[in-house]
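Overview (structure and organization)
Chain by chain, the residues run as shown.
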Amino acid sequence: MNQPPLVKINRVGKRFGSGPLVLDGVELAVQRGEFVSFIGPSGCGKSTLLRLIAGLTEASSGELVIDGMTPENARELMFFVFQDANLLPWRRVADNVELPLLLRGDPTVRRQERVAHMLEVVGLAAAAQRFPWQLSGGMRMRVSIARALSVAPQILLLDEPFGALDEMTRDKLNEDLLAIRARDPFTGFFVTHSVTEAVYLSTRIVVLSANPGRIAQVIEVPFAYPRPAELRETPEFLQLLAKTSRALRAVRNN
Amino acid sequence: MKARLLSWIQPAVTGIGLIALWYLIKKISGVPSFILPSPDEVLRAAWDERSVLISAVMLTSRGAVLGFLAAVGVGFFLAMALGFSPRIKASFYPYILVLQMMPVTILAPVFVLWLGQGLPSIVAITFMIGFFPVVANTTMGFVSVDRNLQELFLMCKATRGQEVRYLRIPGAMPYFLTGMKIAGTLAPIGAIVGDFLAGSAQGGQGGIGYMTIAYFSQLKTPALFATGLTACLLGFVFVGGVNWLHWRLLHQWHDSMVKKE
Ligand SMILES: Nc1ncnc2c1ncn2[C@@H]1O[C@H](COP(=O)(O)OP(=O)(O)OP(=O)(O)O)[C@@H](O)[C@H]1O
Ligand SMILES: [Mg+2]
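Below is a short write-up of the structure. Small disclaimer: the values here were computed from a predicted structure and weren't measured.

Take the overall build of chain B next. The helix and strand inventory of chain B stands at ten helices and zero strands. Mapped in sequence order, the helices and strands of chain B form the string α-α-α-α-α-α-α-α-α-α. Dimensions of chain B, computed from C-alpha atoms along their principal axes, come out at roughly 75 × 60 × 30 Å. Here chain B, with 261 residues, has 39% of them falling under the buried criterion. Sequence separation of 24 or more characterises 71% of the internal contacts of chain B that already satisfy a separation of 6 or more.

Right under this line is the structure:
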């Protein structure tokens, strides 16, 4: 328990140029193996926070420490799943999944094995030779997740990955994501607008308030993994769901 | 099937109508053949002059192909340099525009002075006409990379070279091919104009532009028309080739090509 946190966010503030303060005094320590969801009103800085962790944008004040490094230097440990699947339209599914391995300089045989494995994991082995335009939105997201996990990152950052999908597909992908995580553990940071999703996936839910974005409340999710799909129907789950919704409503009304 | 047949029949009907109109105008006006030859006279002239026209087309094709390749090759790498840094673009783009604004009719004599009459000058003129569309389009492609994809490459710690190879070049392909299509349409015209302005009848044989002058000065009007017909054919072959390449490279993934149902 006394391990140093994998990700430490120290009183981080962020403003773009001379614009208003987007994030203010964000303080969070995340242990290896946690799954943290960020939830809050639109425009409160959830994506910005994720991008700060990824080192895609710089903090205006405070600092982020990831495994003892700056975010930029820690990129090797991380991967980002973007809101739209963000696939290269000219590469087939397998070639998209292969890309990070290719850029990293893995040898061909290892790449092929890894790609085959990842496509198996996300259930897209049959679609390996298709182009992104030939896939449904849910399939595209699976490819994006397979691509992110192909390099076995220690930290996975997901920005509303399932936001554009219908509820049924989303539930299924949530279950799949947990199954994948059980096999290839990673520390997760997850932005979402869906309270159910947040409670089902996370170890902790961070509720942000807007203008400027501040941490309003942190909700612990006590359920042990593996979490069966039916967990979502238990009274304990529904109770926590209600609690999170209330917290969200509270920040919205401020 | 019916729609396909119709798509053939419609232009055929128009064509027959136009030829009929041509005959009609000639009949009514009664102008002599050296002013307006009839379609059959044009075809006969094409047949009679076939050996001259074929070697003229071959000669002009050579200029067109070489000029086109130079335009596409130089254009691509120039665009890559311009797309590489905004500073390079700001420094050089205005001068590329200046070159583009320079009329060929003025450039042609300069090329003849430098390179002499004949193929090198024709290639240079074709190049001058074709390279700007390639540069302009491809540069656009190189600078308009998807920001999210760029961040993906950043997350992958991709080197600059990897980014160019796996992101910028494939991303710029549709733009490059559009530029190439325009260059392909212009190349035969460029080569003919080049031949017209800077051609030489090597061994008594000229290209299409040169033959135009020759037939005109001899008032061989049907042969002049036949030369025009030949030029059209060359243009179609060229555009067909470039379109095929365009299709070949993009049909599997690009929005402009994939069949959505
Ligand atoms: N690159 C940028 N330049 C200027 N302002 C920005 C930039 N990115 C984000 N912002 C501003 O920062 C604020 C937070 O944006 P952010 O995208 O982090 O919100 P969000 O919580 O992810 O919202 P949503 O739930 O709608 O995705 C917004 O007011 C936005 O306008
Ligand atoms: Mg966002």
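Looking now at the pairing of strand S3 (residues 35-39) of chain A. Residue and element names in this part refer to chain A. Across the five residues of S3, five count as buried, placing the element largely inside the fold. Across four bridges, S3 lies against strand S7 (residues 187-191) in parallel orientation. For valine 36, the partnering residue across the bridge sits in S7 and is phenylalanine 189.

Across the boundary between the two partners, chain B contributes 21 residues, which contact 24 residues of chain A. Of the roughly 2200 Å² buried between chain B and chain A, counting both surfaces, carbon and sulfur atoms make up 68%. At the junction of chain B with chain A, the criterion picks out two salt bridges. The partner of Glu151(B) in a salt bridge is Arg51(A), with the nearest N and O atoms 2.7 Å apart. Linking chain B with chain A are five residue pairs in polar contact (both at pLDDT 80 or more). Listing elements by their share of the side of chain B that touches chain A, those giving two or more residues are helix H7 (147-155) and helix H8 (160-198) of chain B. The residue inventory of the side of chain B that touches chain A, partitioned by class, reads twelve nonpolar, four polar and five charged.

What follows deals with a nonpolar patch on the surface. Residues and elements named next belong to chain B. Together, Leu18, Leu21, Leu24, Ile25 and Ile28 make up a nonpolar patch on the protein surface, roughly 520 Å² of accessible area in all. On the secondary structure map, isoleucine 28 appears in helix H1 (residues 2-29). Judged by relative accessible area, isoleucine 28 falls into the exposed class, the value being 68%.

Attention now moves to the side chain of Asn86(A). Along the polypeptide, Asn86(A) turns up in the loop between strand S5 (78-81) and helix H2 (93-104). Residue classification places Asn86(A) among the buried residues on the basis of a relative accessible area of 7%. Discounting chain neighbours no more than four positions away, the residues touching Asn86(A) are Arg147(A), Asn148(B), Leu149(B) and Leu152(B).

Before going further, it helps to spend a moment on the layout of surface pockets. Here the largest pocket defines a volume of roughly 640 Å³. Elements that contribute at least two residues to the lining of the largest pocket include exactly helix H4 (137-150) of chain A together with H8 of chain B. The leading source of residues in the lining of the largest pocket is H8(B), at four residues. Counted by class, the lining of the largest pocket contains 16 nonpolar, seven polar and six charged residues.

Turning our attention to the packing of helix H9 (residues 208-217) of chain B against helix H10 (residues 221-250) of chain B. Helix packing geometry: the angle between the two helix axes and the distance between the axes. Residue and element names in this part refer to chain B. Interaxial distance between H9 and H10 falls to 9 Å at its minimum, and their mutual angle equals 165°. Classified by the angle between their axes, H9 and H10 sit roughly antiparallel to one another. Where H9 crosses over H10, the handedness of that crossing is left-handed. Here Ile208, Thr212, Tyr215 and Phe216 of H9 lie close against H10, whose contacting residues are Ala223, Leu224, Thr227, Ala231 and Leu234. Tallied by class, residues from the contact of H9 with H10 come to seven nonpolar, two polar and no charged.

Cut-off values and rules
- Residues numbered from 1 in each chain as written.
- Chains lettered and ligands numbered in written order.
- Predicted model: local features only at pLDDT ≥ 70, side-chain atom pairs only at ≥ 80, totals over all residues.
- Heavy atoms only, no water.
- Helix = DSSP H or I, 4+ residues; strand = E, 2+ residues; numbered from the N terminus.
- Buried < 20%, exposed > 50% of the residue type's maximum accessible area, 1.4 Å probe, protein only.
- Contact = heavy atoms within 4.5 Å.
- Pairing = 2+ DSSP bridges.
- Buried area = accessible area lost by both parts, 1.4 Å probe.
- Salt bridge = Lys/Arg side-chain N within 4 Å of Asp/Glu carboxyl O.
- Polar contact = N/O pair within 3.5 Å; in protein donor to acceptor, adjacent residues only side chain to side chain.
- Nonpolar A, V, L, I, M, F, W, Y, C, P; charged D, E, K, R; others polar.
- Patch = residues over 30% accessible without salt bridge, like charges linked within 9 Å, V, L, I, M, F, W, Y side chains within 5 Å.
- Areas by Shrake-Rupley, 256 points an atom, 1.4 Å probe, with all protein chains shown as cover.
- 1 Å grid on protein atoms, 1.4 Å probe; cavity = no way out; pocket = protein on both sides within 12 Å on 5 of 7 lines; lining within 4 Å.
- Points joined across faces, edges and corners; volume = space filled by probe spheres on them.
- Axes fitted to C-alpha atoms, helices over the stretch in contact; angles between N-to-C directions.
- Parallel < 35°, antiparallel > 145°, perpendicular 65-115°, else oblique.
- Left-handed = near helix turned anticlockwise from the far one by under 90°.

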